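# Coordinates in review
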Amino acid sequence: SRRAPRNLQRHRSRRRRIHLDARAVRLPPTQSEEGLSDWYRRQFAAADAATFSELVGALTRADQPDYVSVLTTANGTAPAPFTVFAPTNQAFADLYAELGVAGIDDVDGAILTATLNTHVVAGANVRAEDLVTGTVATLGDAVEIDATTAIITDPNGRTSQVIVTNVQAANGVIHAIDTVLLPQL
């Protein structure tokens with residue numbers, strides 16, 4: 001069996017430390033914990049406030065498509081499953097500084113929609129060990145993935161490191177990233 005790149009392995013232990021609330025995608029229990037099959041029935045929804053509140057705010061902003069409905073589509077029903085590259089709150093803070101804006105409300109609605117779409121791959125549940133190097137089509141612009149280094153490059157040449165992998169939900173998988181991917185600007 002292929003092993004994940006070393007930089008991905010060291011982050012796997014960190015993913016158990018992410019605190020999640022009742023609306024969040026839950027981390028899978030270990031094989032020794034009860035409820036494994038129940039966990040897999042849960043669907044992907046909003047993420048925890050301590051780590052992903054900016055992403056949740058962007059996804060639920062009034063001028064955006066109904067991302068919550070789309071991302072909670074049952075597995076086996078198009079467009080599920082999903083692979084989501086989820087930027088952390090720090091990634092959004094860095095983006096606001098880069099763009100010279102105070103927060104998510106200052107980002108143009110059309111640019112925000114294109115940005116969010118660039119973080120979602122529909123019709124695929126791609127776990128870290130299954131990532132391959134090359135161009136990946138998202139709901140927005142295509143991105144380049146280097147599976148060896150776990151680096152994603154957006155159409156502007158900006159890079160994002162995958163920092164937490166394989167948060168498996170019933171209808172897809174989430175990989176946390178440290179930089180917001182932008183569409184072609």
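Above: the structure in question.
Cut-offs used in this document
- Residues numbered from 1 in each chain as written.
- Predicted model: local features only at pLDDT ≥ 70, side-chain atom pairs only at ≥ 80, totals over all residues.
- Heavy atoms only, no water.
- Helix = DSSP H or I, 4+ residues; strand = E, 2+ residues; numbered from the N terminus.
- Polar contact = N/O pair within 3.5 Å; in protein donor to acceptor, adjacent residues only side chain to side chain.
- Contact = heavy atoms within 4.5 Å.
- Buried < 20%, exposed > 50% of the residue type's maximum accessible area, 1.4 Å probe, protein only.

### Regarding the side chain of R61
Turning to its location among the elements, R61 is positioned in the loop between α3 (49-59) and α4 (67-71). At 2.5 Å, the side chain of R61 and the backbone oxygen of I104 are in polar contact. Setting aside residues up to four positions removed in sequence, R61 forms contacts with I104, D105, V107, D108, G109 and L112.

### A short note on unusual backbone geometry
A cis amide bond, omega 10°, links A78 with the succeeding residue P79. Here P79 is to be found in the loop between α4 and β1 (82-87). Cis rather than trans, the peptide bond between A80 and P81 has omega equal to 0°. With respect to the element layout, P81 can be found in the loop between α4 and β1. Its identity is not glycine, yet A150 carries a phi of approximately 60°, on the positive side. Tracing the backbone through its elements, the reader meets A150 in the loop between β4 (143-146) and β5 (151-153). A relative accessible area of 4% places A150 in the buried class. Of note in this structure, N166 is not a glycine but carries a positive phi near 60°. Looking at where N166 falls in the secondary structure, it is placed in strand β6 (residues 159-169). Since its relative accessible area comes to 3%, N166 is described here as buried.

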